Amino acid sequence: MDDLNQNDDNRRGTLLIVRIIWLALLVGQLGFGAVVYAQVKAGQAGDQIQLSGQMLAIASGVLIGAIGLGYYARNQSYKKHWRGNCVAPPGFFQGNLILLALLEVSSFVTLVFVMVTGQLFPMILPAIASLAVQCVNFPNGLAMQDAPPDFSKSAL
């Protein structure tokens, strides 16, 4: 019985830590985004340079790579730490940390490009998409809940 309570405490603690990290990363992106926006509006950011199209393509590529690699790495971490019918807390923590960090990098690369080019739109779109993906991946802890698969429902 003590082992069950210890495991539940580990799950709750891990979930709380991942949620705090998730929130801190969102606040960091929004804060840096506000600084970049203020500099672009004040005209202190870089001049309209000719490479803005290439920078937008690079930022979009980084976003696509971060999403793909992040989900892949999180799933690999989940598989490595699969115990019974759920993911162990260390695997949940590691997998979500990797995904959130990659999305953070994508957002910051985009915001730096916005600052360098001095162009807000459409340059900001990959950062907004990265932020949206990060919001959708709010850590709810369902992967750590022990639930046997339900095969009784028909796939039709």
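Residues numbered from 1 in each chain as written. Predicted model: local features only at pLDDT ≥ 70, side-chain atom pairs only at ≥ 80, totals over all residues. Heavy atoms only, no water.

Novice: I'm lost on a nonpolar patch on the surface in this one. Help?
Specialist: A cluster of nonpolar side chains, contributed by Phe121, Leu125 and Ile128, occupies part of the molecular surface with about 320 Å² of accessible area. One can find isoleucine 128 in helix 4 (residues 125–136). On the basis of relative accessibility, which here comes to 48%, the residue isoleucine 128 falls in the partly exposed class. (Patch = residues over 30% accessible without salt bridge, like charges linked within 9 Å, V, L, I, M, F, W, Y side chains within 5 Å. Areas by Shrake-Rupley, 256 points an atom, 1.4 Å probe, with all protein chains shown as cover. Salt bridge = Lys/Arg side-chain N within 4 Å of Asp/Glu carboxyl O. Helix = DSSP H or I, 4+ residues; strand = E, 2+ residues; numbered from the N terminus. Buried < 20%, exposed > 50% of the residue type's maximum accessible area, 1.4 Å probe, protein only.)

Novice: Would you mind going over the nonpolar core with me for this structure?
Specialist: What tends to happen in soluble globular proteins is that the nonpolar side chains get buried as a cluster. Judged by nonpolar contacts, Val36, Val40, Met55, Ala59, Leu111, Phe113, Val114, Met123, Ile124 and Ala127 together constitute the single largest core of ten residues. Elements with a minimum of two residues in this core: helix 1 (2–42), helix 2 (52–80) and helix 3 (89–117). If you look at the next biggest cluster of nonpolar residues, it comprises six residues, including Leu15, Val87, Phe92 and Met144. (Core = buried A, V, L, I, M, F, W, Y, C linked by side-chain atoms within 4.5 Å.)

Novice: I'm lost on the packing of aromatic side chains in this one. Help?
Specialist: Two aromatic rings are characterised by how far apart their centres lie and by the angle between their planes. All told, the structure shown has three aromatic pairs when counted by the stated rule. With 5.0 Å between their ring centres and 25° between their planes, phenylalanine 32 and phenylalanine 108 make a pair best called stacked. With a gap of 76 residues between them, phenylalanine 32 in helix 1 and phenylalanine 108 in helix 3 connect regions that are remote in the sequence. (Phe/Tyr/Trp six-rings, centres within 6.5 Å; stacked < 30°, edge-to-face > 60°.)

None of the figures reported here should be taken as evidence of function without further support.
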